[in-house]
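Structure at a glance
Next come the chains, spelled out residue by residue.
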Amino acid sequence: MTTRYHKSVGFRFMTIAIGIVLLVFTTGCQGHRSGPGWPSPAAAIEAEGIFVRHLRLRLAPSHTQAFEKLMGRCVQAAQAAGMPEEYDWLCYRESPGRYWLIFFSETIDGFATPESLRAFALHLARAEGGSGLDEISELMVGLDYETEWVIIFQQKSTWSTVEGMSTSTHSKARIMDRTIRPGMEEAFEDALAARTAFLVEHGYELPIEGFVTRRGAPGRELQVVFPVDWSSFHEKDSFGAFIRGLDDSAQAEYAGLKRALMVTMDRAEYYDGDYAGELSYSAE
């Protein structure tokens, strides 16, 4: 599947408008429950790319096979119903027991499917018709999962090195999830753009896509890098390994750019996922 997080990132993993940000952290095993929301300073950061909804789920270890069976059945339902391109989704596995479901839209409120796992699955079941509703409903019964987050974000070109990428050639994804220090949104925006430009200028080859949060996780912004495989990524394609291969002058320049970014952040977290093609859907 080819992903285009700039559609005229989808990993159409993974043009774009500005929205108001609400936090929707959803928790609770046995289903999806919505949490409180509040405005995010990221609403002030401009972006121009496609909107992406990222649903991160945690499954009880004994329920991962049941979840994958459900997702496989959802793929069958979408295929049987001939769902169009706007229904495409990507699924990634993140160890241990976590999954990402990624959906795309031209507008912040234009996603074709509901955001919760249950509503998404039943939407596809109804579209298929026949025995689909009973079968998918049965697969949902007793499924022990927690919705860890639902985030809608928008691709930003100055934080990205590509307009799109292909899961067939880059089937891994590392999410770099950064929390901006309050009051430093503009400095963060500029620092991340400068570091991304440095990587482009010095020939960093892996695709990178950057995103501004529009709903969910206020103050958190994402970049995603798409490795080919994890061994080569850690050996030579991580940012650190790539920079160590540059000359002293370039390393010193990068160190300054990194410091400028770090002072604008409260924290950074990293999540690694593997594309699950059999659990994903493409109308192509």
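The structure under discussion appears in the preceding block.
Per chain, residues are indexed from 1 in the order of the written sequence. With pLDDT at 70 or above as the cut-off, local features in this predicted model cover only qualifying residues; side-chain atom pairs require 80 or more to be listed or tallied, and sums for whole chains, interfaces and linings still use all residues. Hydrogen atoms and water are omitted, and side-chain values are computed over all heavy atoms in the structure.

As for the pattern of salt bridges
How we decide: Basic side-chain nitrogens of Lys or Arg form a salt bridge, by our definition, when they fall within 4 Å of a carboxyl oxygen of Asp or Glu. Secondary structure elements are defined from DSSP: runs of H or I of at least 4 residues count as helices, runs of E of at least 2 residues count as strands, and each element is numbered from the N terminus. Note on classification: 1.4 Å probe, protein chains only; a residue is buried when its accessible area is under 20% of the maximum for its type, exposed when over 50%, partly exposed between these limits.
Following the criterion strictly, the structure yields 17 salt bridges and no others. A salt bridge links Glu 278 to Arg 93, with the nearest nitrogen and oxygen atoms 2.4 Å apart. With Glu 278 in the segment after strand E10 (265-275) and Arg 93 in strand E3 (residues 89-94), this pair connects stretches of sequence that are 185 residues apart. Residue Glu 278 is classed as partly exposed on the basis of its relative accessible area of 48%. What makes Arg 93 partly exposed here is its relative accessible area of 26%. One salt bridge in this structure joins Arg 98 and Glu 148, with 2.8 Å as the shortest N-O distance. Taken together, the residues Arg 98 in strand E4 (residues 98-105) and Glu 148 in strand E5 (residues 145-156) connect sequence positions 50 residues apart. This pair shows no difference in class: Arg 98 is buried, exactly as Glu 148 is.

Some thoughts on the pairing of strand E7 (residues 172-180)
Our working rule: Here the rule is simple: two strands pair whenever DSSP picks up at least two bridges between them.
Most of E7 is tucked away: nine of the nine residues are buried. Of the two faces of E7, the one carrying Lys 172, Arg 174, Met 176, Arg 178 and Ile 180 and the one carrying Ala 173, Ile 175, Asp 177 and Thr 179 are both buried. As paired elements, E7 and E10 share nine bridges and run antiparallel to each other. By the bridge assignment, Met 176 is partnered in E10 with Tyr 270.

What to know about the nonpolar core
What counts, and what does not: To define a nonpolar core, start from buried Ala, Val, Leu, Ile, Met, Phe, Trp, Tyr and Cys residues and group those joined through side-chain atoms within 4.5 Å. The contact criterion used throughout is that any non-hydrogen atoms of two residues lie within 4.5 Å.
In terms of nonpolar packing, the biggest core is built from 35 residues, with Trp 89, Leu 101, Leu 117 and Phe 120 touching the most fellow members. Of all the secondary-structure elements, those providing two or more residues to this core are strand E2 (51-59), helix H1 (64-81), E3, E4, helix H2 (117-128), helix H3 (132-140) and E5. Top contributing element to this core by residue count: H1, with seven residues. Among residues more than four places away in sequence, those in contact with Leu 101 are Arg 53, His 54, Leu 55, Leu 57, Met 71, Trp 89, Leu 90, Cys 91, Leu 117 and Phe 120.

Some thoughts on the sheet that holds E10
To keep it simple, the criterion reads: Axis lines are fitted through C-alpha atoms, for helices just across the contact stretch, and the angle between N-to-C directions can take any value from 0 to 180 degrees.
The strand order E2-E4-E3-E10-E7-E9-E8-E5 describes a closed barrel built from eight strands, whose pairing is antiparallel. Geometrically, the sheet is characterised by an average inter-axis angle of 35° between neighbouring strands, direction not taken into account. Summarising the sheet, E2 and E5 pair through nine bridges and their orientation is antiparallel. By the bridge assignment, Leu 55 is partnered in E5 with Val 150. Contacts between H2 and the sheet are confined to E2, E3, E4 and E5, with E4 contributing the most and set at about 60° to the helix.

What about the layout of surface pockets?
Where we set the bar: The way it works is a 1 Å grid over only the protein atoms, where trapped points that fit a 1.4 Å probe form a cavity and open points with protein on both sides within 12 Å along at least five of seven lines form a pocket, and then any residue with an atom within 4 Å of a point lines it. Grid points are joined across faces, edges and corners, and a volume is the space filled by probe spheres set on the points. Note on residue classes: Ala, Val, Leu, Ile, Met, Phe, Trp, Tyr, Cys and Pro are nonpolar, Asp, Glu, Lys and Arg are charged, and everything else, Gly too, is polar.
When its volume is computed, the largest pocket comes out at roughly 310 Å³. If you trace the largest pocket, you find 19 residues lining it, with Arg 195, Phe 239, Tyr 254, Lys 258 and Tyr 270 closest to the centre. For the lining of the largest pocket, the secondary-structure elements that each account for two or more residues are E7, helix H6 (239-244), helix H7 (248-262) and E10. With six residues, H7 is the largest single contributor of residues to the lining of the largest pocket. Looking at the lining of the largest pocket residue by residue, the classes come out as twelve nonpolar, three polar and four charged.

Remarks on the packing of H1 against H3
Applied cut-off: The cut-offs work like this: below 35 degrees is roughly parallel, past 145 is roughly antiparallel, 65 to 115 is roughly perpendicular, and the gaps in between are oblique. Helix crossings get a hand from a simple test, with the near helix turned counterclockwise from the far one by less than a right angle marking a left-handed crossing and a clockwise turn marking a right-handed one.
At a closest axis distance of 9 Å, the pairing of H1 and H3 adopts a crossing angle of 160°. Looking at the two axes, H1 sits roughly antiparallel to H3. For the crossing formed where H1 meets H3, the hand is left-handed. Mapping the contact onto sequence places Lys 69, Leu 70, Arg 73 and Ala 77 in H1 and Gly 132, Glu 135, Ile 136, Leu 139 and Met 140 in H3. Classifying every residue of the contact of H1 with H3 gives five nonpolar, one polar and three charged.

Notes on the environment of Asp 266
Note the threshold: N or O atoms within 3.5 Å of each other form a polar contact, as long as, within protein, one can give a hydrogen and the other can take it, and as long as residues adjacent in sequence are counted only when both atoms are side-chain atoms.
By the secondary structure assignment, Asp 266 is in strand E10. Looking at Asp 266, the relative accessible area reads 47%, which means it is partly exposed. In contact with Asp 266, not counting residues within four places along its chain, are Thr 179, Ile 180, Arg 181 and Pro 182. At 3.2 Å, the side chain of Asp 266 forms a polar contact with the side chain of Arg 181.

Function-wise, these values are silent; they only describe arrangement.
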